[in-house]
Amino acid sequence: MTRASLDKQPNEVAAMFDDVAARYDLTNDVLSLGQARLWRKAVDRAVAARPAERVLDLAAGTGTSSLPFARTGAYVVPCDFSVGMLREGKKRHPWLPFAAGDGMRLPFADGVFDAVTISFGLRNIQDTDAALAELYRVTRPGGRVVICEFSEPTWEPFRTVYTEYLMRALPAVARVVSSNPEAYVYLAESIRTWPNQPELAARLQGVGWTKVAWRNLSGGAVALHRGTKPVEGQGRQAG
């Protein structure tokens, strides 16, 4: 297996991530020029997990993104559809309750999580709206969603440089540090075709999330979207 295609067949994407699991976190730190750790801190602050809350960390990979929530005393469930990622995560963090699951058909009951979050994984799910609806389904009324994903830089000169980095430099660097450089060609292409900030906000609203807002990180190269599941009687209009 080398890389997935942009039609994002789940078995192809899962196999691709299985292939890069062992060096995935290191590769991300290098390719993001160290920004990945800052993005994780921003997600942690946005989720604001509290002791005894139930948090779903979808597309958690090896569980690195789940650790800040666990440290607050929340019960965090790292979920991913790559068995290779889960296996690597269980070796590193055996105390975390890793769960295998497809973002379009989550293996959880309705309304069981206080917060749901996904970082750099929504883009890899074949049906974005189905995934957003599933996250909505498993969140309790009044609960919250936080999505961290690559997006569109807001400053035109930086946008041009960023696109050049994605399509030229990123695959070249990946050839040095990754066990599967071709996977990062897919990564670059999937980022380039991903909806921008307002478009993703509209899709969140479309499945029922309210109070939808976003904050740009790294000049808009990454965006942090937030939303709330309305309680009964509040309706499903965007807030």
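Conventions and cut-offs
- Residues numbered from 1 in each chain as written.
- Predicted model: local features only at pLDDT ≥ 70, side-chain atom pairs only at ≥ 80, totals over all residues.
- Heavy atoms only, no water.
- Helix = DSSP H or I, 4+ residues; strand = E, 2+ residues; numbered from the N terminus.
- Buried < 20%, exposed > 50% of the residue type's maximum accessible area, 1.4 Å probe, protein only.
- Contact = heavy atoms within 4.5 Å.
- Areas by Shrake-Rupley, 256 points an atom, 1.4 Å probe, with all protein chains shown as cover.
- Pairing = 2+ DSSP bridges.
- Polar contact = N/O pair within 3.5 Å; in protein donor to acceptor, adjacent residues only side chain to side chain.
- Arc of directions from axis to C-beta.
- pLDDT = per-residue confidence, 0-100.
- Phe/Tyr/Trp six-rings, centres within 6.5 Å; stacked < 30°, edge-to-face > 60°.
- Lys NZ or Arg CZ within 6 Å of the ring centre and 35° of its normal.

Participant: Lay out the overall build of the chain in plain terms, naming residues and giving numbers.
Facilitator: Helix and strand counts for the chain come out as nine helices and seven strands. Here the chain, with 239 residues, has 52% of them falling under the buried criterion. Long-range pairs, those at least 24 residues apart, make up 67% of the contacts in the chain between residues at least 6 apart in sequence. A total of about 10600 Å² of accessible surface is found on the chain, and carbon and sulfur atoms cover 55% of it.

Participant: Can you explain the pairing of strand β5 (residues 139-150)? Please cite residues and give values.
Facilitator: Of all twelve residues in β5, nine are buried, a share of seventy percent or more. In the sheet, strand β4 (residues 113-119) pairs with β5 via six bridges, with the strands oriented parallel. When the bridges of β5 are listed, Thr117 appears paired with Val146. Pairing analysis gives seven bridges linking β5 to strand β7 (residues 222-228), with the strands arranged antiparallel.

Participant: Describe the side chain of Ser190, with residues and values.
Facilitator: Turning to its location among the elements, Ser190 is positioned in helix α8 (residues 181-192). There is a polar contact of 2.8 Å between the side chain of Ser190 and the side chain of Arg123.

Participant: I'd like a description of helix α9 (residues 197-206), backed by residues and values.
Facilitator: Because each turn of an α-helix spans 3.6 residues, side chains separated by three or four positions in sequence point in the same direction. Where α9 is concerned, the buried positions are Gln197, Leu200, Ala201 and Leu204. Looking straight down α9, one finds that the buried residues subtend no more than 105° of arc, so they occupy a single side. Where α9 is buried, its residues touch α6 (128-138), β5, β6 (210-217) and β7. One or two steps after α9, the chain reaches Gly208, where phi turns positive at roughly 120°.

Participant: Any details on the environment of Ala15? Residues and values, ideally.
Facilitator: Mapping Ala15 onto the fold places it in helix α1 (residues 10-20). For Ala15, a relative accessible area of 24% puts it in the partly exposed group. Taking the C-alpha atoms as reference points, Ala15 and Ser82, separated by 67 residues in sequence, lie 6.8 Å from one another.

Participant: Report on the confidence of the model for the chain, specifying residues and quantitative values.
Facilitator: On average, residues of the chain score 85 in pLDDT, and 77% of them are at 70 or above. Across residues 1-6, where pLDDT falls below 50, the model places 25 contacts with residues more than four positions away in sequence or in other chains.

Participant: How would you sum up the environment of Pro107? Please name residues and give values.
Facilitator: Mapped onto the elements, Pro107 comes out in the loop between β3 (99-100) and β4. The class of Pro107 is partly exposed, set by a relative accessible area of 48%. On a C-alpha basis, the gap between Pro107 and Cys79 in space is 9.5 Å, while along the polypeptide they are 28 residues apart.

Participant: Could you give an account of the packing of aromatic side chains, naming the residues involved and the relevant values?
Facilitator: Under the defined criterion, the tally for this structure stands at five aromatic pairs. Aromatic side chains Phe108 and Phe113 sit 5.2 Å apart centroid to centroid with 90° between the ring planes, which places their arrangement in the edge-to-face category. Of the two residues examined, Phe108 and Phe113, each falls in the buried class. Between Phe120 and Phe150, the aromatic rings sit 4.7 Å apart at their centres with planes inclined by 45°, giving tilted as the arrangement. Pair noted here: Phe120 is in the loop between β4 and α6 and Phe150 is in strand β5, with a separation of 30 residues, a long-range link. Note on accessibility: Phe120 and Phe150 belong to one class, buried. Through a chain of ring-to-ring contacts, the aromatic side chains of Trp39, Phe120 and Phe150 assemble into a single cluster. Above the plane of the ring of Tyr136 lies Lys229, whose end atom (NZ or CZ) is 4.7 Å from the centre.

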